[in-house]
Amino acid sequence: MVSRPRPLPPRLPASAFGLTLGTLLLTLALHPLAAAPLAPPVTEHIFTAINAADLAAQPDALAAEAWLLKSIPAGTALADAPDFFAAAHEVFYDPQEGLMVFVYRSATSPRWKAWVSFDPQRAGVVHSAAADQ
């Protein structure tokens, strides 16, 4: 007895699949929400006006530390405020703590110094402080 080959199950023709996919993509592209621009991340709004001159203008170490906590909070990445980090008066690596330390100095009297500790492995600020000189 010879068996006959079984017929293949019906398939969706490629042209119908393409037409369905194209219609779906066109519908999504024309949807009002798709055309609306996405809101920029919150970090862009926070860090756009930050610069080291604002920090240097603080009258004392207490004000400088408060400014740092508000303007450069823990978790801030280098890319969030590149001009601020580039304007540091001094940068060094603390091998004991495994941190990069950005140092800023006051532009006015009384003199103070501020430190922003950055963890390269977690890619963010972990601590900031300021003290009178």
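Up top is the structure these notes are about.
Below, the structure is looked at part by part. Everything numeric in this text was worked out from a predicted model, so none of it was measured. (Residues numbered from 1 in each chain as written. Predicted model: local features only at pLDDT ≥ 70, side-chain atom pairs only at ≥ 80, totals over all residues. Heavy atoms only, no water.)

Details of the pairing of strand S3 (residues 112–119)
The buried fraction of S3 amounts to 6 of the 8 residues, a majority that puts the element mostly inside the structure. Note that strand S2 (residues 99–105) and S3 share 6 bridges and pair antiparallel. Bridge pairing in S3 places Phe-102 opposite Val-116. In this structure, the hairpin formed by S2 and S3 is closed by a connection of 6 residues. In this sheet, strand S4 (residues 124–132) lies alongside S3 in antiparallel orientation, the contact comprising 8 bridges. Residue pairing in the sheet places Ala-114 in a bridge with Ala-130 of S4. (Buried < 20%, exposed > 50% of the residue type's maximum accessible area, 1.4 Å probe, protein only. Helix = DSSP H or I, 4+ residues; strand = E, 2+ residues; numbered from the N terminus. Pairing = 2+ DSSP bridges.)

Observations concerning the pairing of strand S1 (residues 90–94)
Pairing of S1 with S2 involves 5 bridges; the strand directions are antiparallel. Following the sheet pairing, Glu-90 is matched in S2 by Val-103. Two successive antiparallel strands, S1 and S2, enclose a turn made up of 4 residues, where Gly-98 displays a positive phi of approximately 70°.

As for the sheet that holds S4
Here 4 strands make up an open sheet; going across it, the order is S1-S2-S3-S4 and the pairing antiparallel. Sheet topology places S1 and S4 at the edges, where each strand pairs with a single neighbour. The mean angle between the axes of side-by-side strands here comes to 20°, regardless of whether they run parallel or antiparallel. Against the sheet, helix H5 (residues 61–71) contacts S3 and S4, and its axis sits at roughly 170° relative to S4. (Axes fitted to C-alpha atoms, helices over the stretch in contact; angles between N-to-C directions. Contact = heavy atoms within 4.5 Å.)

Here we look at the environment of Leu-55
In this fold, Leu-55 is placed in helix H4 (residues 52–56). Here Leu-55 falls in the buried class, since its relative accessible area comes to 0%. Separated by 52 residues in the primary sequence, Leu-55 and Ala-107 have C-alpha atoms spaced 8.9 Å apart. Those residues in contact with Leu-55 that sit more than four places away from it in its chain are Ala-64, Trp-67, Leu-68, Phe-84, Tyr-104, Trp-112 and Ala-114.

With respect to unusual backbone geometry
The amide bond that connects Ser-109 to the next residue, Pro-110, takes the cis arrangement and shows omega of -5°. Here Pro-110 shows up in the loop between S2 and S3. The backbone of Ala-123 sits at a positive phi, close to 55°, despite the residue not being glycine. Judged by its relative accessible area of 41%, Ala-123 falls in the partly exposed class.

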